[in-house]
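The residues making up each chain are set out below.
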2 protein chains.
Amino acid sequence: MDAHSAGRPSQADALAARYGRAAIPAAGPWNDTLALLLDHKSTRAFLPTALPTGTLETLIAAAQSAPTSSNLQTWSVVTVTDPAVRAKLAAIAGGQKHIEQCPLFLVWLADVSRLGRIADAEARTLEGMPYLETFLVASIDAALAAQNAVVAAESLGLLTVYIGALRNDVEEVARLLDLPPGAVGVFGMCVGYADPAVPTEVKPRLPQAAVLHHGTYRIGDETAQRAAYDVELGAFSKRNEMQADTWTERVLARIATLRALRGRDLLKAKLRALGFPLK
Amino acid sequence: MDAHSAGRPSQADALAARYGRAAIPAAGPWNDTLALLLDHKSTRAFLPTALPTGTLETLIAAAQSAPTSSNLQTWSVVTVTDPAVRAKLAAIAGGQKHIEQCPLFLVWLADVSRLGRIADAEARTLEGMPYLETFLVASIDAALAAQNAVVAAESLGLLTVYIGALRNDVEEVARLLDLPPGAVGVFGMCVGYADPAVPTEVKPRLPQAAVLHHGTYRIGDETAQRAAYDVELGAFSKRNEMQADTWTERVLARIATLRALRGRDLLKAKLRALGFPLK
């Protein structure tokens, strides 16, 4: 079952794929795990092939092994198999058909409802519950857990894709999954074997200098960095997505208009309705 | 440099350590990466030993290889080496001396300031910027990146600990690191070699049945689950921390009182002051 070292690129190739040949960072230590991490790709094209028995439980064990703030474990996860519910989730996400097609679909929850039930059972009040901080802890907990599941999945030869677009309507997601107050789907995740007919390629990122600061935050030559990255990502897009949008164009398309939020401008009000006062 | 498969436990032992012998989930597939993930431990006791050349860049390459929402890459990271700044960060975090002692200290930022600079350069307005959704995207991006860095560090024989307590005063952290508006430290992270004089042990988690739901969220026998987990975690605490708090006691101590938030009840106001309107 160990696909984690099979066919992984060399360090030089992995760094070149991740940053483009013009922006390769200094080579440091290297091993099979790093090769696996650097070689990460997402996919939206899944085979219907079922996962081996125990795969779900293995991914959850990896997820629960991630750090969690003060060991509060303020996350949960729901698997969705019902095709009708999958279709509704795909519609919420703006028509992402892979939600209906992948063999395993997970909805990761920021979940403080469990803490609420403890407080009820112990006849205590949780003064910290209604704060933004507590929602943030739960969302970060869910993200750390989910990312461990991604790494675990890739070690098994599976690919994934996060579905942030479930946040287009967190209230409807909560209704579909019968979530208690204090639980909210922060993102979904498709898991499965990638369709080999749809090539996947490592997506280049910004150079390290753009994200890594030493001592204090010093803005470097972002104009030059962005121009080079626009070329790199434009070429990636052309090879993989039959369009040639630059990063700049992608960023602006994603965040310049309220319409592009696809309802997520209402997230705060909907979170409040789901039991997160966000004080 | 590959410590990722050296001395890792067997699947049976790894699952027993993570869940306790009474709550071991069904065994699924297994490999060296899963052994690494399941064997995660945090530490607060670091040797002063410097990290090999290139380690930081390798951790950042792993972090940048994590998924990021719409490839927006709304995170950055600051390394802190100045002892005076380390001391101030340790004080903000309630006196966590390991922040001063670890060879590498990272502050992970939710950072939409880069997008703001793109918009300025392109003479565009980003209507999506002021929303809670955008802060959440950036916080989740930072968490996914950071967790990849944790996995990478552990593959190199290093241990880490997240420092959520930097959120006790995000404004002071921003001042110390000279962050631009639209960037905030969501958590810190100590990285280094664990002091072998201070034993570390895998921390047991709740049983899978407590966090994994099928189809809809169904609350199982949480009373029995929690009673068993209280025994498990109490024994862990006694072995490792010279106290015997149960999970229930820990949860209540952490979230029952406003005082335990240590200033994080002001997080929303401070985020607004840092350029996150959270609409």
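Everything below is about the structure printed above this text.
Nothing here was measured: the structure is a model prediction, and the numbers come from that model.

Can you walk me through the interface of chain A and chain B in this structure?
Size of an interface, as often reported, equals the accessible area lost when the parts are brought together. In this complex, chain A contributes 121 residues to the contact, which on the side of chain B involves 121 residues. Summed over both sides, the interface of chain A with chain B buries roughly 10600 Å², with 62% coming from carbon and sulfur. Where chain A meets chain B, there are 12 salt bridges. Counting across the chain A and chain B interface gives 68 residue pairs in polar contact (both at pLDDT 80 or more). The greatest single-element share of the side of chain A that touches chain B, amounting to 15 residues, is contributed by helix α7 (residues 132-155) of chain A. Pairing of strand β5 (residues 212-214) of chain A with strand β1 (residues 75-79) of chain B, which is carried by 3 bridges, proceeds in the parallel orientation. Looking at the pairing, A:H214 lines up with B:T79 of β1(B).

Explain the side chain of A:E133 to me, please; I cannot follow it from the model alone.
Position of A:E133 relative to the elements: it lies in helix α7. Engagement of the side chain of A:E133 in a polar contact is seen with the side chain of B:R167, the distance being 2.7 Å. Engagement of the side chain of A:E133 in a polar contact is seen with the side chain of B:R264, the distance being 2.7 Å. Sequence-distant contacts of A:E133, that is, excluding residues within four places in its chain, are made with B:R167, B:R254, B:L261, B:R264 and B:L267.

How should the pairing of strand β1 (residues 75-79) of chain A be read in this particular structure?
In regular strands, side chains alternate between the two faces of the sheet. Residue and element names in this part refer to chain A. Along β1, 5 of the 5 residues are buried, which leaves the element largely enclosed by surrounding structure. Sheet topology places β1 next to strand β2 (residues 104-111); 5 bridges connect them, and they run antiparallel. Across the sheet, the residue bridging to T79 is L106, located in β2.

Please explain the pairing of strand β4 (residues 183-192) of chain A as it appears in this structure.
Residues and elements named next belong to chain A. Within β4, 10 of the 10 residues are buried, leaving the element largely enclosed by the surrounding structure. Relative to β4, strand β3 (residues 159-163) is paired through 5 bridges, and the arrangement is antiparallel. Residue pairing across strands places V161 opposite C190, the latter belonging to β4.

What's the story with the side chain of A:T55 in this structure? I'm lost.
Relative to the assigned elements, A:T55 resides in helix α3 (residues 55-64). Of the polar contacts made by the side chain of A:T55, one reaches the backbone oxygen of A:P52; its length is 2.6 Å. Contacts of A:T55, omitting those with residues within four sequence positions, involve A:L156, A:L158 and B:P29.

I would appreciate a short explanation of the relation of the copies chain A and chain B in the present structure.
Relating one copy of the chain to the other requires a rotation about an axis plus a shift along that axis. Turning chain A through 180 degrees and shifting it by 0.0 Å along the axis lays it on chain B, with an RMSD of 0.0 Å. The relationship between the two copies is best expressed as a two-fold rotation axis. In this assembly the copies share their binding face: 100% of the residues contributing to the interface of chain A also contribute to that of chain B.

How should the sheet that holds strand β2 (residues 104-111) of chain B be read in this particular structure?
Backbone-to-backbone hydrogen bonds pair the strands of a sheet. The strands run either parallel or antiparallel. Pairing in this open sheet of 5 strands is mixed, and the strands run β5(A)-β1(B)-β2(B)-β4(B)-β3(B) from one edge to the other. Because the sheet does not close on itself, it has two edges, and the strands there are β5 of chain A together with β3 (159-163) of chain B. Averaged over all pairs of adjacent strands, the angle between their axes in this sheet comes to 25 degrees, without regard to strand direction.

Looking at this structure, how should I read the packing of aromatic side chains?
The description of two aromatic rings rests on the distance between their centres and on the angle between their planes. Residue and element names in this part refer to chain B. According to the stated counting rule, one finds 8 aromatic pairs over all chains in the structure shown. Between Y162 and F187, the aromatic rings sit 5.1 Å apart at their centres with planes inclined by 80 degrees, giving edge-to-face as the arrangement. Of this pair, Y162 sits in strand β3 while F187 sits in strand β4 (residues 183-192), and the two are 25 residues apart along the sequence. The interplanar angle of 70 degrees and the centroid separation of 5.4 Å between the aromatic rings of Y229 and W247 together place this pair among those described as edge-to-face. Taken together, the positions of Y229 in helix α10 (residues 222-241) and W247 in helix α11 (residues 247-255) put the pair 18 residues apart, joining distant regions of the chain. Take W247: its relative accessible area is 1%, and that puts it in the buried class.

Cut-offs applied
Residues numbered from 1 in each chain as written. Chains lettered and ligands numbered in written order. Predicted model: local features only at pLDDT ≥ 70, side-chain atom pairs only at ≥ 80, totals over all residues. Heavy atoms only, no water. Contact = heavy atoms within 4.5 Å. Buried area = accessible area lost by both parts, 1.4 Å probe. Salt bridge = Lys/Arg side-chain N within 4 Å of Asp/Glu carboxyl O. Polar contact = N/O pair within 3.5 Å; in protein donor to acceptor, adjacent residues only side chain to side chain. Helix = DSSP H or I, 4+ residues; strand = E, 2+ residues; numbered from the N terminus. Pairing = 2+ DSSP bridges. Buried < 20%, exposed > 50% of the residue type's maximum accessible area, 1.4 Å probe, protein only. Least-squares fit on C-alpha atoms with pLDDT ≥ 70 in both. Axes fitted to C-alpha atoms, helices over the stretch in contact; angles between N-to-C directions. Phe/Tyr/Trp six-rings, centres within 6.5 Å; stacked < 30°, edge-to-face > 60°.

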